[in-house]
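# A closer look at the structure
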Amino acid sequence: MDEQRWTEVVAAAIRAPSIHNTQPWRFTASGDRLEVHYDRGRALPVLDRTGRQQVISCGVAVEFAVVALCAAGFEAEVELLPSPADADHLATVRAGAAREVSAEDAASAEAIGRRHTDRAPFLPRAVPDEVVDRLQTTADRLGVWLKPITESEEQVATAFLISRAEEMERSDPEYLAELQSWLRTDPAAVDGVPVVAVPDEDPATRPSNWLIRDFVAGSREPHAFLPAGDPDAPPPAVERPTVVMLGTESDDRTAWLLGGRALGRLLLEATIEGLVASPLTQALDWPATRTRMRTRLSLVGYPQMLLRMGYPSTQGGSHSGRRPVSDVLHFEPAAG
Ligand SMILES: Cc1cc2nc3c(=O)[nH]c(=O)nc-3n(C[C@H](O)[C@H](O)[C@H](O)COP(=O)(O)O)c2cc1C
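Residues numbered from 1 in each chain as written. Predicted model: local features only at pLDDT ≥ 70, side-chain atom pairs only at ≥ 80, totals over all residues. Heavy atoms only, no water.

A few words now on the site of the ligand. As a matter of local geometry, the ligand sits amid 20 residues, with Arg 115, Thr 117, Arg 119, Thr 281 and Arg 322 nearest to it. At 3.0 Å from an oxygen atom of the ligand is found a side-chain nitrogen or oxygen belonging to Arg 213. The separation between a nitrogen atom of the ligand and a polar main-chain atom of Pro 279 is 3.1 Å. When the ligand is considered free in solution it has 630 Å² of accessible area, and contact with the protein chains removes 98% of it. Judged by the proximity of its atoms to the pocket grid, the ligand belongs to the largest cavity. (Near = heavy atom within 4 Å. Polar contact = N/O pair within 3.5 Å; in protein donor to acceptor, adjacent residues only side chain to side chain. Areas by Shrake-Rupley, 256 points an atom, 1.4 Å probe, with all protein chains shown as cover. 1 Å grid on protein atoms, 1.4 Å probe; cavity = no way out; pocket = protein on both sides within 12 Å on 5 of 7 lines; lining within 4 Å. Sits in = over half its atoms within 2 Å of the grid points.)

Dropping the structure here:
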């Protein structure tokens, strides 16, 4: 594989979603191998003390690299945590034999450029069960379970724990300072969450049971979120997105990487179906709410990701920045 090819593969990999758009990765290409490393310099010590959500983010980047390689006509082999002495060497992706590019490979690669997190309300149109079933099969194939949160008791418990976690976060100055440091007003920013990608109304006043993360909580006026408008107007339609949970049998770096790979694949399949999604991970940020999620929903294993999915109410949406490939990829001569 030449340098140009690896540059294209890494350009696709870094389109991966990452917690607060921290892009916690570095890549080394050498011959037919691409190493994916965790970049601790971009850690979130308050929100993600164990690095779980950042390793999941790197898992998505691994999967996007696989998709790009397949669409370039190569088999892709992935080894997770290949260096026992270096736990931050998360994966090695090897470009294997030539393969015929299927229509599915091409569509998945194309979806990488279109996917983005959509936090706006979705259209009031349900995601068909057969689509959810297909996503479930995909997750299963990648060693991850997908649980649609459909039972009303489960919905109430999950929505409650999300709002509980959101409330804890809004009153935690360290959390707010860390969040603020990753919020970007410059449209040309290469990392962090652009303010244009987060709805400007207070999520607490939005007619939805599912509270999205409030990225501007730290700068909101205390009274700015009182509902405004005509008190006699009919209440707005309540949002009913499809909410799914992804989880794994264990809770170590291998499990987090598997979770990320499955998340990456699901997001691309959803994009191809015309769906959009946004993660709702507040309740999984904190050990207490994450543990309660396990017990309240009688989960077998560990919840890794909660996603709301639906059909977009606006087209296009907002795309967040990425650091240039040259900042995150370096080349080494192939051994031997
Ligand atoms: C592990 C993980 C957790 C995330 N948690 C949230 C969340 O709680 N709320 C949210 O609005 N976005 C969340 N995101 C989405 C990121 O903010 C988003 O991927 C990033 O800003 C880049 O934007 P993009 O997905 O549009 O490319 C999460 C993403 C990942 C990978």
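Let us look at the domain arrangement of the protein. The assigned domain composition of the protein is domain 1 (3-115 + 322-331) and domain 2 (129-310). Contact with domain 1, which involves 41 residues of that partner, is made by 34 residues of domain 2. The contact between domain 1 and domain 2 buries some 3,300 Å² in all, and 65% of this surface belongs to carbon and sulfur atoms. On the domain 1 side of the contact with domain 2, His 20, Val 46 and Arg 52 bury the most area, a combined 22% of that side's loss. Joining domain 1 to domain 2, the criterion identifies four salt bridges. With a shortest N-O distance of 2.5 Å, Arg 261 and Glu 63 are connected by a salt bridge. (Domains from an automatic or database assignment. Contact = heavy atoms within 4.5 Å. Buried area = accessible area lost by both parts, 1.4 Å probe. Salt bridge = Lys/Arg side-chain N within 4 Å of Asp/Glu carboxyl O.)

Okay, the pairing of strand S2 (residues 33-38) next. Of the pairings in the sheet, the one linking strand S1 (residues 25-30) to S2 comprises six bridges and is antiparallel in character. Along S2, the bridge assignment pairs Ser 30 with Arg 33. Connecting S1 to the antiparallel partner S2 that follows it, the hairpin turn spans two residues, and Gly 31 within it adopts a positive phi of roughly 60°. Pairing of S2 with strand S4 (residues 89-98) involves five bridges; the strand directions are antiparallel. Note on S4: the bridge partner recorded for Leu 34 is Val 93. (Pairing = 2+ DSSP bridges. Helix = DSSP H or I, 4+ residues; strand = E, 2+ residues; numbered from the N terminus.)

Let us now look at the layout of surface pockets. Approximately 320 Å³ is the volume found for the largest pocket. What lines the largest pocket is a set of 18 residues, among which Thr 50, Asp 285, Trp 286, Pro 287 and Arg 290 lie closest to the centre. Residue assignment for the lining of the largest pocket shows that the elements contributing at least two residues are helix H2 (52-71), helix H8 (282-285), helix H9 (287-296) and strand S10 (302-310). Here the element with the most residues in the lining of the largest pocket is H9; it accounts for four residues. Each residue belonging to the lining of the largest pocket can be placed in one class, and the counts come to eight nonpolar, three polar and seven charged. (Points joined across faces, edges and corners; volume = space filled by probe spheres on them. Nonpolar A, V, L, I, M, F, W, Y, C, P; charged D, E, K, R; others polar.)

To continue, consider the sheet that holds strand S3 (residues 74-80). Judged by pairing direction, the sheet is mixed, and its five strands sit side by side in the order S3-S4-S2-S1-S11 without closing on themselves. Edge strands, defined here as strands with exactly one partner in the open sheet, are S3 and strand S11 (329-331). Averaged over all adjacent pairs, the angle separating strand axes in this sheet is 20°, with direction ignored. Its contacts with the sheet place H2 against S1, S2, S3 and S4, and it is angled at close to 10° to S4. (Axes fitted to C-alpha atoms, helices over the stretch in contact; angles between N-to-C directions.)

Helix packing geometry: the angle between the two helix axes and the distance between the axes. Where helix H3 (residues 103-114) contacts helix H7 (residues 253-272), the axes come no closer than 9 Å and their chain directions differ by 90°. As judged from the angle between their axes, H3 and H7 are roughly perpendicular. Counted together, Ala 107, Ser 108, Ala 111, Ile 112 and Arg 114 of H3 and Arg 265, Leu 268, Thr 271 and Ile 272 of H7 form the full contact between these two elements. Residue classes in the contact of H3 with H7 are distributed as five nonpolar, two polar and two charged. (Parallel < 35°, antiparallel > 145°, perpendicular 65-115°, else oblique.)

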